[in-house]
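Survey of secondary and tertiary structure
The residues making up each chain are set out below.
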Amino acid sequence: VVNNPVAEASVDSSLAASATVVGETIMLWGAGFGAGEPFSITANGRIISGGIANDDGAFSAESPNPFEVGIYTMKAMGNAGSSATAPLVIVAEK
């Protein structure tokens, strides 16, 4: 509960990942980055993926899955200042 909410600028970048089984490839998607903006994606203190956003500022990426069952926070950071966070869910089986 927030006692004194403060209006913030709306989020203009997004990040998403599919729920992933332990050991399977993580699929990642993002949007709202700059056209051609290089980016890195981290989770649990590790760089798990990166690349360059397309002309619309969107991207898709894959990552090997080094994580155990759980929920982690991912963060995508672009070199022009774009950033987004999303949960990463790792499950034992489908």
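You'll find the structure just up there.
1. Let's talk about the overall build of the chain
- If you tally the helices and strands in the chain, you get zero helices and eight strands.
- Along the chain, helices (α) and strands (β) appear in the sequence β-β-β-β-β-β-β-β when read from the amino end.
- Taking all 94 residues of the chain together, 32% fall into the buried category.
- As presented, the chain carries roughly 5,800 Å² of accessible surface, and 52% of it is formed by carbon and sulfur atoms.

2. Quick notes on the environment of Glu-37
- Looking at the secondary structure, you find Glu-37 in the loop between strand S3 (26–31) and strand S4 (38–43).
- Given a relative accessible area of 4%, Glu-37 falls into the buried group.
- Linking Glu-37 and Ala-58, residues 21 residues apart in sequence, is a C-alpha distance of 9.3 Å.
- Polar side-chain contacts of Glu-37 include one of 3.4 Å to the backbone nitrogen of Asn-79.

3. Side note on the sheet that holds S4
- Spatially, S2-S8-S7-S4-S5 is the arrangement adopted by the five strands of the open sheet, whose pairing is mixed. The open sheet terminates on both sides in strands that have one partner only, identified here as strand S2 (20–21) and strand S5 (46–52).
- Pairing geometry for S4 and S5, over six bridges, is antiparallel. Residue pairing for S5: Thr-42 is matched across the bridge by Ile-47.

4. A look at the side chain of Ser-13
- Mapped onto the fold, Ser-13 is located in the segment before strand S1 (14–17).
- Take Ser-13: its relative accessible area is 4%, and that puts it in the buried class.
- Ignoring anything within four residues of it in the chain, the contact list for Ser-13 reads Ala-31, Gly-32, Phe-33, Ser-82, Ser-83 and Ala-84.

5. Observations concerning the nonpolar core
- Counting residues in each nonpolar core, the largest one holds 19 residues, and the members touching the most others are Leu-15, Ile-41, Phe-67, Met-74 and Leu-88.
- Sorting the residues of this core by element identifies S3, S4, strand S6 (59–63), strand S7 (70–78) and strand S8 (83–91) as the ones contributing at least two each.
- Leu-15 has contacts with Trp-29, Gly-30, Ile-41, Phe-59, Met-74, Lys-75, Ala-76, Ala-84, Thr-85 and Ala-86, leaving out every residue within four places of it along the chain.

6. Focus: the packing of aromatic side chains
- Considering all chains together, one arrives at four aromatic pairs under this definition.
- Relative to Phe-39, the ring of Phe-33 lies with its centre 6.3 Å away and its plane at 55°, an arrangement referred to as tilted.
- Given the relative accessible area of 5%, Phe-39 is considered buried.

7. What about the sheet that holds S6?
- Across the sheet, which stays open at both edges, the three strands sit in the order S1-S3-S6 with antiparallel pairing between neighbours. Across the chains shown, the open sheet's two edge strands, defined by having one partner strand only, are S1 and S6. Between one strand and the next, the sheet's axes are offset by a mean angle of 20°, whatever the strand orientation.

Cut-offs applied
Residues numbered from 1 in each chain as written. Predicted model: local features only at pLDDT ≥ 70, side-chain atom pairs only at ≥ 80, totals over all residues. Heavy atoms only, no water. Helix = DSSP H or I, 4+ residues; strand = E, 2+ residues; numbered from the N terminus. Buried < 20%, exposed > 50% of the residue type's maximum accessible area, 1.4 Å probe, protein only. Areas by Shrake-Rupley, 256 points an atom, 1.4 Å probe, with all protein chains shown as cover. Polar contact = N/O pair within 3.5 Å; in protein donor to acceptor, adjacent residues only side chain to side chain. Pairing = 2+ DSSP bridges. Contact = heavy atoms within 4.5 Å. Core = buried A, V, L, I, M, F, W, Y, C linked by side-chain atoms within 4.5 Å. Phe/Tyr/Trp six-rings, centres within 6.5 Å; stacked < 30°, edge-to-face > 60°. Axes fitted to C-alpha atoms, helices over the stretch in contact; angles between N-to-C directions.

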